[in-house]
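Geometric and topological summary
Listed below are the residues making up each chain.
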Amino acid sequence: MTTYLLAGGGTAGHVNPLLAVADALRERRPDDTVLVLGTREGLEARLVPERGYELLFVDKVPFPRRPDRAAAAFPMRWRRAVGQVRAHLATRGVDAVAGFGGYASAPAYVAARRARVPFVVHEANARPGLANVLGARAAAATGVVFEGTPLRGARVVGMPLRREIAQLDRAGRRAEAAAAFGLDPDRPVLLVFGGSLGARRLNEALAGSWRDVVASGWQVLHATGERNRSAESDTPDYRVVPYLDRMDLALALADAVVSRSGAATVSELSALGIPTVYVPYAVGNGEQALNARGAVAAGAARVIADAEFTPDRVRSEIVPLLGDEGELARMRDAARTVGTVDGAANVVALLDEARGA
């Protein structure tokens, strides 16, 4: 029997790939023990127990960005966090550690190195976070989602995907999906979404252009987000929902997508071979534009800058694309060259390699 500790959390971008790897480990050998390390404040505090895994805690210790009171307290808090992880490693007999970024990962990497427990790093974004930059320097193996991610020793392994996405039979689920959203399974569907909270830019652009999309013969499924309900519909061909609690069904139905370009979104859409127009979120450190770069270079997707995504741009670029079946077919084929459904299995293989198994 082997005991694994998977460290990460804070956001869904860290938690979901972690859970996908946890599921892959549990399915492979049910007698192995899979533990998760996270903070009390992150999304993992809810999602991990719901999935049936034991969650071990470590203090949340942000790296200081400026010389202030928090920076002065950092060394003591950091030593305490590393000590907490070392205690978990010892008392639970951990054989290998995998880190996915976030506050829990950095002390896990240091504790594993000091305890001589092999560890691997997985980075989801094209622009890596600080914890993984530091962890990759001593990791037994480092896996990334996107080619060109600047981490030492990085190998492209893909994104560990949720089982319901990785195993999605899009054609077989299409009728069920159409019924769930009240759309016609025999007509093409454009899926538009901007994350759980929505994207105001996407919502405003679609509010002024969805009739043109529908006039071209397409249906639209638009998830506006809980806080950004700006679009309204007066036709059954344009379905507006606040949130997609069955993303698997939405993706089964989608013939093309307009969305932000978070790492998980790009990975899922590429793996499923869905032509996409990405509108990268313009706030942050620019990682969303980088995430989409490989898919665009391969011809699987297009990018429209956030500031340029307007009703007129939908009419001038997206509507003509939807009418070009040859181009959509080429984009579908290209997507399959940059996406993979084997990300979770690939990370498990890294752990096996680290352990010498």
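The notes below deal with the structure included here. The structure displayed is predicted, hence computed values, not measured ones.

1. Quick look at the overall build of the protein chain
Of the regular secondary structure elements, the protein chain holds 15 helices and 13 strands. Since a compact globule built from 357 residues should have a radius of gyration of about 21 Å, the 21 Å found for the protein chain is in line with a globular shape. Over its C-alpha atoms, taken along the principal directions, the protein chain stretches across nearly 65 × 45 × 35 Å. Out of the 357 residues belonging to the protein chain, those deemed buried represent 52%. The long-range share in the protein chain, meaning contacts at least 24 apart out of those at least 6 apart in sequence, stands at 62%. When the accessible area of the protein chain is evaluated, it comes to approximately 15700 Å², of which 49% is carbon and sulfur surface.

2. Some points on the nonpolar core
Ranked by size, the top nonpolar core spans 41 residues in total, and within it Phe181, Leu191, Leu221, Leu244 and Leu251 carry the most contacts. Listed by contribution, the elements that provide at least two residues to this core are helix H7 (170-181), strand E8 (189-193), strand E9 (219-223), helix H10 (247-253), helix H11 (263-272), helix H12 (287-298) and helix H14 (325-338). Of the residues forming this core, the biggest block, 6 residues, is contributed by H10. Look past the residues within four positions of leucine 191 in its chain and what remains in contact with it is Leu221, Leu244, Ala250, Leu251, Ala254, Ala256, Val257 and Val258. By size, the runner-up hydrophobic cluster in this structure holds 27 residues, among which are Leu37, Val61, Leu89 and Tyr109.

3. So, the sheet that holds strand E2 (residues 33-38)
Strands pair in a sheet through their backbones, by hydrogen bonds, and they do so in one of two ways: parallel or antiparallel. Read from one edge to the other, the open sheet built from 7 strands follows the order E3-E2-E1-E4-E5-E6-E7, with strand pairing classed as parallel. In this open sheet, the two strands that pair with only one neighbour each are strand E3 (54-57) and strand E7 (154-156). Across this sheet, the average inter-strand angle for adjacent strands is 25 degrees, counted without regard to direction. Looking at chain direction, strand E6 (residues 141-144) and E7 are connected through 3 bridges and run parallel. Looking at the pairing, threonine 142 lines up with alanine 154 of E7. Set on the sheet, helix H1 (residues 12-28) makes contact with strand E1 (3-7) and E2; between it and E1 the angle comes to about 170 degrees.

4. So, empty space enclosed by the protein
Taken as a whole and assessed by the stated rule, the structure comprises 2 cavities of 30 Å³ or more. Lining the largest cavity we find Leu190, Ala256, Val257, Val258, Pro275, Thr276, Val277, Ile318, Leu321, Leu322 and Leu328. When contributions to the lining of the largest cavity are tallied by element, the ones reaching two or more residues are strand E11 (256-259), strand E12 (276-278) and helix H13 (311-322). Put simply, the second largest cavity is a space of about 30 Å³. The wall of the second largest cavity is formed by Leu269, Ser270, Ile274, Thr276, Tyr278, Ala295, Ala300, Ala301 and Ala335.

5. Structural notes on the packing of aromatic side chains
Centre-to-centre distance and the angle between the planes together describe a pair of aromatic rings. With the rule as written, the count across this model stands at 5 aromatic pairs. Here the aromatic rings of tryptophan 210 and tyrosine 238 are separated by 4.6 Å at their centres, their planes lie at 15 degrees, and the arrangement is stacked. With tryptophan 210 in helix H9 (residues 210-215) and tyrosine 238 in strand E10 (residues 238-241), the pair connects residues that are 28 residues apart, well separated along the chain. The exposure class assigned to tryptophan 210 is buried, which follows from its relative accessible area of 2%. Following the ring pairs from residue to residue traces out a cluster consisting of Phe63, Phe74 and Trp78. Positioned above the aromatic ring of phenylalanine 57, the side-chain terminus of arginine 40 is 4.3 Å from the ring centre.

6. Here's the deal with H14
Taking 1.5 Å per residue, 14 residues should reach 20 Å; H14 reaches 21 Å between its end C-alpha atoms and fits that length. On its buried side, H14 packs onto H11, E12, H12, strand E13 (301-303) and H13.

7. Quick word on the packing of H12 against H14
To describe two helices that pack against each other, one gives the angle between their axes and the distance between the axes. In contact at an axis separation of 8 Å, H12 and H14 are set at 130 degrees when each is read in the N-to-C sense. The orientation of H12 with respect to H14, classified from their angle, is oblique. Seen along the crossing, H12 lies across H14 with a hand that is right-handed. Contacts from Gly294, Ala295 and Ala298 of H12 reach H14 at Ala334, Thr337 and Val338.

8. Regarding the environment of serine 105
Relative to the elements of secondary structure, serine 105 occurs in helix H4 (residues 105-115). Its relative accessible area of 0% is what places serine 105 among the buried residues. When the C-alpha positions of serine 105 and proline 128 are compared, they lie 13 Å apart, and in sequence the two are 23 residues distant. Sequence-distant contacts of serine 105, that is, excluding residues within four places in its chain, are made with Ala7, Gly8, Gly99, Phe100 and Ala131.

Reading the values: the criteria
For every chain, the first residue of the written sequence is number 1, and numbering continues from 1 along that sequence. Only residues with pLDDT of 70 or above have their local features reported here, since the model is predicted, and side-chain atom pairs are shown and tallied only from 80 upward, although totals for entire chains, interfaces and linings are computed over all residues. The side-chain quantities take in all heavy atoms of the structure and omit both hydrogens and water. Helix and strand assignments come from DSSP, with helices taken as H or I runs of at least 4 residues and strands as E runs of at least 2, each series counted from the N terminus. To get the radius of gyration, use the C-alpha atoms; to get the globule rule, take the number of residues to the power 0.38 and multiply by 2.2 Å. Burial classes follow relative accessibility: with a 1.4 Å probe on protein chains only, a residue under 20% of its type's maximum area counts as buried, one over 50% as exposed, and anything between as partly exposed. Whether two residues are in contact is decided by their heavy atoms: any pair within 4.5 Å suffices. Here, Shrake-Rupley sampling with a 1.4 Å probe gives the accessible areas, and only protein chains in the shown set may cover a residue. Side-chain atoms within 4.5 Å link the members of a nonpolar core, which is a set of buried Ala, Val, Leu, Ile, Met, Phe, Trp, Tyr and Cys residues. Pairing between two strands requires that DSSP report at least two bridges joining them. Fitting a line to C-alpha atoms yields each axis, with helices limited to the stretch in contact; the angle taken between N-to-C directions then spans 0 to 180 degrees. Put simply, the grid is 1 Å and covers the protein atoms alone, a cavity is a trapped set of points that fit a 1.4 Å probe, a pocket is an open set with protein on both sides within 12 Å along at least five of seven lines, and lining residues have an atom within 4 Å of a point. Grid points are joined across faces, edges and corners, and a volume is the space filled by probe spheres set on the points. Between 30 and 60 degrees the pair is tilted, below 30 it is stacked and above 60 it is edge-to-face, where a pair is any two Phe, Tyr or Trp rings, Trp via its six-membered ring, whose centres lie within 6.5 Å. A positively charged side chain is recorded as over a ring if its NZ (Lys) or CZ (Arg) lies within 6 Å of the ring centre. The angle to the ring normal must also be within 35 degrees. One less than the number of residues in a helix, times 1.5 Å, gives the span that helix is expected to have. Here the word oblique covers every angle except those under 35 degrees (roughly parallel), over 145 (roughly antiparallel) and from 65 to 115 (roughly perpendicular). Crossing handedness follows the turn of the near helix against the far one: under a right angle anticlockwise gives a left-handed crossing, and clockwise gives a right-handed one.

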